[in-house]
Amino acid sequence: MNPPPHDRENLPPLTSQSAIEERVQLLIGRAARRQIWLLFLDDEDRQLPLLIPVQDPPAQPAEDDDRKFAELLAYVQEQTEARGFVAVIERFGGLALTPADSAWARMLAAAASLAPLRLHGILLSHARGVRWVAPDDYAALRLREADSA
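(A) Region of the structure containing the nonpolar core. Formed by 26 residues in total, the largest nonpolar core has its most connected members in Leu38, Phe40, Phe85, Leu108 and Ile122. Only β1 (35-41), β2 (47-55), α2 (65-79), β3 (84-90), α3 (99-114) and β4 (118-126) provide two or more residues apiece to this core. Top contributing element to this core by residue count: α3, with six residues. Phenylalanine 85 has contacts with Leu38, Leu39, Phe40, Leu73, Leu108, Ala112, Leu117, Arg118, Leu119, His120 and Gly121, leaving out every residue within four places of it along the chain.

(B) The arrangement of the sheet that holds β4 in detail. One open sheet accounts for five strands, arranged β2-β1-β3-β4-β5; its pairing is mixed. Strands at the two margins of the open sheet, each flanked by one partner only, are β2 and β5 (129-133). With strand direction ignored, the average angle separating the axes of adjacent strands in the sheet is 25°. Where β1 meets β2, six bridges bridge the pair, whose relative direction is antiparallel. When the bridges of β2 are listed, tryptophan 37 appears paired with proline 53. In this fold α2 packs onto β1, β2 and β3, with an angle of close to 35° to the strand it touches most, β1.

(C) Seen up close, the packing of α2 against α3. Contact pair α2 / α3: the axes reach a minimum separation of 8 Å and the direction vectors enclose 50°. Taken together, the axes of α2 and α3 are oblique relative to one another. As for the relative orientation of α2 and α3, their crossing is right-handed in sense. The segment α2 lies against α3, with Asp65, Asp66, Arg67, Phe69, Ala70 and Leu73 engaging Trp104, Met107, Leu108, Ala110, Ala111 and Leu114. Tallied by class, residues from the contact of α2 with α3 come to nine nonpolar, no polar and three charged.

(D) Layout of the pattern of salt bridges. What the rule picks out here adds up to eight salt bridges. Arginine 33 serves as the salt-bridge partner of aspartate 56, at 3.2 Å between the closest nitrogen and oxygen. In this pair, aspartate 56 is assigned in the loop between β2 and α2 and arginine 33 in the loop between α1 (17-27) and β1, connecting sequence segments 23 residues apart. Exposure remark for arginine 33: the relative accessible area of 30% places this residue in the partly exposed category. Among the ionic pairs, arginine 46 bridges to glutamate 44, the shortest N-O distance being 3.4 Å. Through salt bridges that share partners, Asp64, Arg67, Lys68 and Glu71 make up one connected network.

The rules behind each value
Residue numbers run consecutively from 1 along every chain, following the written order of its sequence. Given that this is a predicted model, residues contribute local features only at a pLDDT of at least 70 and side-chain atom pairs are listed and counted only at 80 or more, while totals for whole chains, interfaces and linings are drawn from all residues. Excluded from the side-chain calculations are hydrogens and water; all other atoms, namely the structure's heavy atoms, are used. Here, the term nonpolar core denotes a set of buried Ala, Val, Leu, Ile, Met, Phe, Trp, Tyr and Cys residues that are joined through side-chain atoms within 4.5 Å. Only protein chains enter the calculation, and the probe is 1.4 Å; a residue is then buried if its accessible area is under 20% of its type maximum, exposed if over 50%, and partly exposed in between. In this description a helix means any DSSP run of H or I spanning at least four residues, a strand means any run of E spanning at least two, and both kinds are numbered starting from the N terminus. The contact rule is simple, with two residues in contact once any of their heavy atoms fall within 4.5 Å. Here, a strand pair is defined by DSSP locating no fewer than two bridges between the strands. In this analysis, axes come from line fits to C-alpha atoms, helices being fitted only over the stretch in contact, and the angle between any two N-to-C directions falls in the range 0 to 180 degrees. Roughly parallel means an angle under 35 degrees; roughly antiparallel means over 145; roughly perpendicular covers 65 to 115; every other angle is labelled oblique. Helix crossings are classified by the rotation of the near helix relative to the far one: an anticlockwise turn of less than a right angle makes the crossing left-handed, while a clockwise turn makes it right-handed. Classes in brief: Ala, Val, Leu, Ile, Met, Phe, Trp, Tyr, Cys and Pro nonpolar; Asp, Glu, Lys and Arg charged; the others, Gly included, polar. The rule for a salt bridge is simple: a side-chain nitrogen of Lys or Arg has to be within 4 Å of a carboxyl oxygen of Asp or Glu.

Coordinates in, geometry out; function isn't part of it.
Given below as structure tokens:
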């Protein structure tokens, strides 16, 4: 699939969950490999022409990955007009969150809390498409994991 052309002035602002999901579906779509994507938005919530893939991440984030991702986000903010970002976890499999997906989503949210950029959403690119990952989704999975331990 070829990505849509980037004309920021004519792109609608990504101000809703559905608008973000549609844009991620256009750009990334169904999972093709294991990676994490970072899409950046300006102060009007319009997508910037910067899309960073983190290819072949480990199965689980490392203990200090939140700090490393926060440093990357701060660097992008310093070098560009970025004021926000969207994170996409891409992996093969179904649409249900796995414990690894939950761990990555929690890490990305933690990184956002340390960074100067606002997190607009976390999505999952899976074998059949794209889905929104709400904070309750990965927090609830963490609670279930703790209950079963």
